[in-house]
Amino acid sequence: RNGRVTECAHNNVNILKDGKFITPPLDNLILPGTARRHFLDICRNLNIPFEERPFYLDELFDADEVMITCSATYGVPVSQIDGKETGGKAPELLYKLQKAFVNDYQRKRFEQCCKGLASMQSMFSDRELLKCQSQKLKEDTAAIDAGTYQAPSKMTVGQWLDIWTAEYLGGLKP
């Protein structure tokens, strides 16, 4: 919009420049994305400077990193825009933000699923449940560290719980 960067088709677009997270301000040109808000909270918690301000195409191409955020992407880095290479200059900061986002997401997902698992606790010993939950957390953390973590597709907690139960409790019988 007249050179001002607002958002992608279904994602918010943000930049990292000189150690700072920069995101467009909430106004009539962008949607207030939940992941955008979450990344701002992460910056506050980790004492990473941030700005909510308009930025323009020249800043986008000059950014240390360009990242898109939505609840399913966890801050995906952008390496090319309109055939021009961009970003790749602050991978440590990008990784720090991504890892904090995924860790927080995993913690919240784990808490939600534990609520669903509460009804199952009478069927399985606490030790077995803890062992399965701990294994899933270890696997997800290892995948995050290796850069191979894939965001789950959008599904309800109940659907996720069914899959998780089949994969990680499959061998257990009530």
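> Just give me the short version of the sheet that holds strand β4 (residues 50–52), but keep the residues and values in it.
Strand order in the open sheet formed by 5 strands is β4-β3-β2-β6-β7, and the pairing between neighbours is mixed. In this open sheet, the two strands that pair with only one neighbour each are β4 and β7 (76–78). Each strand axis lies, on average, 30° off the axis of its neighbour in the sheet, ignoring direction. Two strands pair when backbone bridges link them, and strand β2 (residues 12–17) and strand β3 (residues 20–23) are joined in this way by 3 bridges, in the antiparallel orientation. Across the sheet, I15 pairs through a bridge with I22, a residue of β3.

> Please set out unusual backbone geometry residue by residue, giving values where relevant.
Phi angles above zero are rare outside glycine, and D18 is one such case at about 50°. The topology assignment puts D18 in the loop between β2 and β3. Even without a glycine there, the phi angle at D82 is positive, about 50°. Relative to the helices and strands, D82 resides in the loop between β8 (80–81) and β9 (84–85).

> Could you give an account of helix α1 (residues 34–46), naming the residues involved and the relevant values?
Counted at 1.5 Å a residue, the expected span for α1 with its 13 residues is 18 Å, and the 18 Å between its end C-alpha atoms agrees. Where α1 is concerned, the buried positions are A35, R36, H38, F39, L40, I42 and C43. The first or second residue beyond α1 is N47, which carries a positive phi of 60°.

> Which residues make up the nonpolar core, and what are the values?
With 17 residues, the main nonpolar core has L16, F21, F39 and L97 as its most contacted residues. Taken together, the elements giving at least two residues each to this core come down to α1 and α3 (91–117). Broken down by element, the residue count for this core peaks at 6 residues, all from α3. In terms of nonpolar packing, the next biggest core, distinct from the first, is built from 11 residues, I15, I22, V66 and V78 among them.

> Account for the pairing of β3, naming residues and giving values.
Counted along the chain from β2 to the antiparallel partner β3, the turn is 2 residues long, and its residue D18 has a positive phi close to 50°. Bridge count for β3 against β4 is 3 bridges, and the pairing is parallel. Among the inter-strand pairings, I22 is bridged to a residue of β4, identified as E51.

> Any details on the pairing of β2? Residues and values, ideally.
With respect to burial, β2 is a largely interior element, 5 of its 6 residues being buried. Two strands pair when backbone bridges link them, and β2 and strand β6 (residues 65–69) are joined in this way by 5 bridges, in the antiparallel orientation. Its bridge partner being in β6, L16 is matched across the sheet by E65.

> I'd like a description of the pattern of salt bridges, backed by residues and values.
Taken as a whole and assessed by the stated rule, the structure comprises 8 salt bridges. Measuring nitrogen to oxygen at the nearest pair gives 3.2 Å for the salt bridge that ties D62 to K17. Of this pair, D62 sits in helix α2 (residues 57–62) while K17 sits in strand β2, and the two are 45 residues apart along the sequence. A single salt-bridge network, built from bridges that share partners, covers K20, E51, R53 and E59.

> Tell me about the packing of aromatic side chains, and please be specific about residues and values.
Scanning all chains against the criterion turns up 2 aromatic pairs. Centroid distance F21 to F39: 6.1 Å. Interplanar angle 15°. Geometry classified as stacked. Highlighted residues: F21 in strand β3 and F39 in helix α1, separated in sequence by 18 residues. With relative accessibility at 0%, the residue F21 sits in the buried group. A relative accessible area of 0% means that F39 is categorised as buried.

Procedures and definitions
Residue positions are given per chain, counting from 1 as you read along its sequence in written order. Residue-level local features of this predicted model are given only where pLDDT is at least 70; pairs of side-chain atoms are given and counted only at 80 or more, and the full residue set underlies all totals for whole chains, interfaces and linings. Side-chain metrics in this entry use all non-hydrogen atoms of the structure; hydrogen atoms and water are not considered. Strands pair, by our definition, only if DSSP identifies at least two bridges between them. The numbering of helices and of strands both runs from the N terminus, where a helix is a DSSP run of H or I of at least 4 residues and a strand a run of E of at least 2. Note on method: axes are straight lines fitted to C-alpha atoms, helices fitted across the in-contact stretch only, with angles between N-to-C directions ranging 0 to 180 degrees. One less than the number of residues in a helix, times 1.5 Å, gives the span that helix is expected to have. Exposure is judged per residue with a 1.4 Å probe applied to protein chains only, and the accessible area is read against the type maximum: over 50% gives exposed, under 20% gives buried, and values in between give partly exposed. The set of buried Ala, Val, Leu, Ile, Met, Phe, Trp, Tyr and Cys residues whose side-chain atoms join them within 4.5 Å is what this entry labels a nonpolar core. Each reported salt bridge corresponds to a side-chain nitrogen of Lys or Arg within 4 Å of a carboxyl oxygen of Asp or Glu. Here a Phe, Tyr or Trp ring, Trp counted by its six-membered ring, pairs with any other such ring whose centre lies within 6.5 Å, and the pair is stacked when the planes are under 30 degrees apart, edge-to-face when over 60, and tilted otherwise.

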